[in-house]
Amino acid sequence: MINVRSGKALDIFSSKTHDGNNIQIFKSHGKANQLWAIYPNRDGTDKLINPGSGKALDVAANGHSDGTNVIIYTENGSDAQKWILNIIDTGIYKLIHKSSDKVLDVSENSSNDEANIQIWSSNNTRAQQWRLVPINL
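These lines cover the structure that appears in this document, whether it is placed above or below. Fair warning: this is a prediction, and the values are worked out from it, not measured in the lab.

### Topic: the overall build of the protein chain
Link 1 in the chain: What the protein chain contains, in helices and strands, is zero helices and 12 strands.
Link 2 in the chain: Helices and strands appear in the protein chain in the N-to-C order β-β-β-β-β-β-β-β-β-β-β-β.
Link 3 in the chain: On C-alpha atoms alone, the protein chain measures out to a radius of gyration of 13 Å, which is about the 14 Å that the 2.2 N^0.38 rule sets for 137 residues.
Link 4 in the chain: Of all 137 residues assigned to the protein chain, the portion counted as buried reaches 47%.
Link 5 in the chain: The contacts in the protein chain between residues at least 6 apart in sequence include a share of 51% that link residues at least 24 apart.
Link 6 in the chain: By element, 46% of the accessible surface of the protein chain is carried by carbon and sulfur atoms, the whole surface being about 6,700 Å².
Link 7 in the chain: For the protein chain, the centre of its 14 positive side-chain charges and the centre of its 14 negative side-chain charges are spaced 4 Å apart.

See below:
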């Protein structure tokens, strides 16, 4: 998954796989910490699982405030891990967190490696747009 503004990949910080590890953007290299599989939930949302760690993309403490941190966490089916993939253009999506109705966002509209990922109110900036890139595993 590539951020439209920065061209950087959604990345697990330092490839660490423990619960609560941070999500960031980083130059795309295609290694396991940048791969995300999308699985449908029964309620019409999706969960994003990193195949290398087996962990889900998660909003810390199922927060609802602008700036709440995005992490990886053991997949548990909670609302903190449910996303709505809203297509906005060919191959480009905004990911809406089900519980908060906030979107996956790059902090401060940054394009720097290791810029933090958070949820934020939708403002239709390119920092909130993601290109899904199919990978053959």
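### Re the environment of Ile-38
Link 1 in the chain: With respect to the element layout, Ile-38 can be found in strand E4 (residues 37-40).
Link 2 in the chain: Distance in space between the C-alpha atoms of Ile-38 and Leu-104 is 15 Å, their sequence separation being 66 residues.
Link 3 in the chain: In this view, Ile-38 contacts Asp-46, Lys-47, Leu-48, Leu-85 and Leu-132; residues no more than four positions away in its chain are not counted.

Criteria and thresholds
Residues numbered from 1 in each chain as written. Predicted model: local features only at pLDDT ≥ 70, side-chain atom pairs only at ≥ 80, totals over all residues. Heavy atoms only, no water. Helix = DSSP H or I, 4+ residues; strand = E, 2+ residues; numbered from the N terminus. Rg over C-alpha atoms; globule rule 2.2 N^0.38 Å. Buried < 20%, exposed > 50% of the residue type's maximum accessible area, 1.4 Å probe, protein only. Contact = heavy atoms within 4.5 Å. Areas by Shrake-Rupley, 256 points an atom, 1.4 Å probe, with all protein chains shown as cover. Lys, Arg positive; Asp, Glu negative; His and termini not counted. Charge placed at Lys NZ, Arg CZ, Asp CG, Glu CD.

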